[in-house]
Amino acid sequence: MAKKSFKSGKRQLKISVSVIAALLIAALSAAFFINKKDTINIKEPVFISTMGQKQSYRQGCKLKYNKDDMKTELIAEDRSFSLNSIPVYYENKEALVLSAPMIFSNYSADMVKKVNHFAIIKKEGDICSISTDGRKYKEVGNSWLHDGGDVYLFLEPVTVSWGENENMKSLRLSPLSYIAVFNNQGFYYYSYQDKQSEFVQSGEDIVYAKPDSGDYTLNMSNDIADIHIFNNLSMLLPPSPDGFGILE
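Residues numbered from 1 in each chain as written. Predicted model: local features only at pLDDT ≥ 70, side-chain atom pairs only at ≥ 80, totals over all residues. Heavy atoms only, no water.

**Topic: the sheet that holds strand β24 (residues 233-236)**
Then, number 1: The 6 strands are arranged β17-β16-β21-β22-β23-β24 in an open sheet whose pairing can be described as antiparallel. Only two strands of the sheet have a single partner each, and these edge strands are β17 (169-173) and β24. Ignoring which end each strand starts from, the neighbouring axes of this sheet average 20° apart.
Then, number 2: One ladder, built from 2 bridges, connects strand β21 (residues 208-211) with strand β22 (residues 216-219); its direction is antiparallel. Each bridged residue has a counterpart across the sheet, and for Ala209 the counterpart in β22 is Leu218. (Pairing = 2+ DSSP bridges. Helix = DSSP H or I, 4+ residues; strand = E, 2+ residues; numbered from the N terminus. Axes fitted to C-alpha atoms, helices over the stretch in contact; angles between N-to-C directions.)

See below:
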């Protein structure tokens with residue numbers, strides 16, 4: 001087996017220390033970023049998927065963010081719905097709108113940042129990009145987002161698994177898919193590529209996600225990341241995006 005070079009080891013150490021420092025700063029920081037745009041009108045067909053049901057809004061909708069509880073209300077057709085961090089998908093293009101601030105992580109690029117609510121994420125071919133102003137897009141690589149609670153959004157292909165040994169089950173999620181994991185109960189997922197959604201009763205089984213890149217494994221039941229490119233460093237995920245630098 002070939003040994004890693006000393007230079008490669010130094011680079012891994014430098015990156016891991018940088019990410020750890022970012023996480024510590026986020027945990028200790030009292031700084032908050034206030035988005036001036038807390039209400040937007042989407043004038044295109046959109047939909048949401050929750051608990052196995054797709055709800056379409058052909059005439060678009062209004063999104064209203066409440067910074068006190070960090071939740072967004074979707075208003076359309078004289079009805080309103082609390083989104084609880086789930087994304088709003090465009091019907092006619094491969095893109096979505098974040099309904100809540102989220103933590104963006106790309107370990108291979110040494111990047112852990114906050115992405116504000118109403119950021120747009122689009123997919124072109126195999127490449128996902130994020131725009132925080134609706135105009136300028138930033139390409140992102142092997143990455144994922146987390147609201148600090150139950151919701152994970154993937155920008156790369158991942159395998160979700162639960163159960164042990166012969167009882168292990170798994171499913172594949174494409175980029176722009178999300179999953180909401182409720183510990184000791186189950187999880188709900190929306191698979192963007194095949195438009196499949198379901199609530200899975202996983203009980204006390206731990207629910208994992210691992211990307212095709214193999215960079216990390218997420219224990220989504222306990223909010224833990226094992227970062228394989230940092231010598232299998234294990235980290236407890238932050239409970240809030242506040243305190244991280246803003247992705248621009």
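**Details of the environment of His117**
Then, number 1: Position of His117 among the secondary structure elements: in the loop between β10 (111-115) and β11 (120-124).
Then, number 2: In this structure, the C-alpha to C-alpha distance between His117 and Ser99, residues 18 residues apart in sequence, is 5.3 Å.
Then, number 3: At 3.0 Å, the side chain of His117 and the side chain of Asp38 are in polar contact. (Polar contact = N/O pair within 3.5 Å; in protein donor to acceptor, adjacent residues only side chain to side chain.)

**Looking at the sheet that holds strand β4 (residues 61-66)**
Then, number 1: The 4 strands lie next to each other as β1-β4-β5-β6, forming an open sheet whose pairing is antiparallel. In the strand order of this sheet, the two ends are held by β1 (39-42) and β6 (79-82), each with one partner. Each strand axis lies, on average, 20° off the axis of its neighbour in the sheet, ignoring direction.
Then, number 2: Relative to β6, strand β5 (residues 71-76) is paired through 4 bridges, and the arrangement is antiparallel. Each residue of the ladder has a partner; that of Leu74, found in β6, is Phe81.

**Considerations on unusual backbone geometry**
Then, number 1: Notably, Asn165 is not glycine yet its phi reads approximately 50°, a positive angle.
Then, number 2: Along the polypeptide, Asn165 turns up in the loop between β16 (158-162) and β17.
Then, number 3: Of note in this structure, Asn184 is not a glycine but carries a positive phi near 65°.

**Some words on the packing of aromatic side chains**
Then, number 1: Scanning the entire structure with this criterion turns up 12 aromatic pairs.
Then, number 2: Plain terms: the ring middles of Tyr107 and Phe230 are 6.2 Å apart, the flat faces sit at 65° to each other, and that makes the pair edge-to-face. In this pair, Tyr107 sits in the loop between β9 (102-106) and β10 while Phe230 sits in the loop between β23 (224-227) and β24, placing the two residues 123 residues apart along the sequence. Pair check on accessibility: Tyr107 and Phe230 agree, each one buried.
Then, number 3: An aromatic cluster is present here, built from Tyr107, Trp144, Tyr152, Tyr216 and Phe230 joined pairwise through their rings.
Then, number 4: Lying over the aromatic face of Phe47, Lys54 brings its terminal NZ or CZ to 4.5 Å of the ring centre.
Then, number 5: The ring of Tyr137 is capped by Lys122, whose NZ or CZ atom sits 4.0 Å from the centre of that ring. (Phe/Tyr/Trp six-rings, centres within 6.5 Å; stacked < 30°, edge-to-face > 60°. Buried < 20%, exposed > 50% of the residue type's maximum accessible area, 1.4 Å probe, protein only. Lys NZ or Arg CZ within 6 Å of the ring centre and 35° of its normal.)

**What about the pattern of salt bridges?**
Then, number 1: As enumerated under the stated definition, the model contains 8 salt bridges in all.
Then, number 2: In this structure, Glu91 and Arg58 form a salt bridge, with 3.8 Å as the shortest nitrogen-oxygen distance. One end of the pair, Glu91, is in the loop between β7 (88-90) and β8 (95-97); the other, Arg58, is in the loop between β3 (53-57) and β4, with 33 residues separating them in the sequence.
Then, number 3: On the accessibility criterion, Arg58 (53% relative accessible area) is exposed.
Then, number 4: The shortest N-O distance in the salt bridge between Lys114 and Asp242 comes to 2.9 Å. Of this pair, Lys114 sits in strand β10 while Asp242 sits in the segment after β24, and the two are 128 residues apart along the sequence. (Salt bridge = Lys/Arg side-chain N within 4 Å of Asp/Glu carboxyl O.)

**Topic: the confidence of the model for the protein chain**
Then, number 1: With 85% of its residues at a pLDDT of at least 70, the protein chain reaches an overall mean of 87.
Then, number 2: Scored below 50 in pLDDT, residues 25-36 makes 12 contacts in the model with residues more than four places away or belonging to other chains. (pLDDT = per-residue confidence, 0-100. Contact = heavy atoms within 4.5 Å.)

**So, the pairing of β23**
Then, number 1: Burial along β23 is one-sided: Ala225 and Ile227 are buried, and none of Ile224 and Asp226, which face the opposite way, are.
Then, number 2: Strand direction decides the pairing type here: β22 and β23, joined by 4 bridges, are antiparallel. The partner of Leu218 across the bridge, within β23, is Ala225.
Then, number 3: Inspection of the sheet shows β23 paired to β24 by 4 bridges, in the antiparallel sense. Paired with Asp226 across the two strands is Ser234, which belongs to β24.
Then, number 4: Turn length for the β23-β24 hairpin, with the two strands adjacent in sequence and antiparallel, is 5 residues, and the turn residue Asn231 shows positive phi of about 55°.

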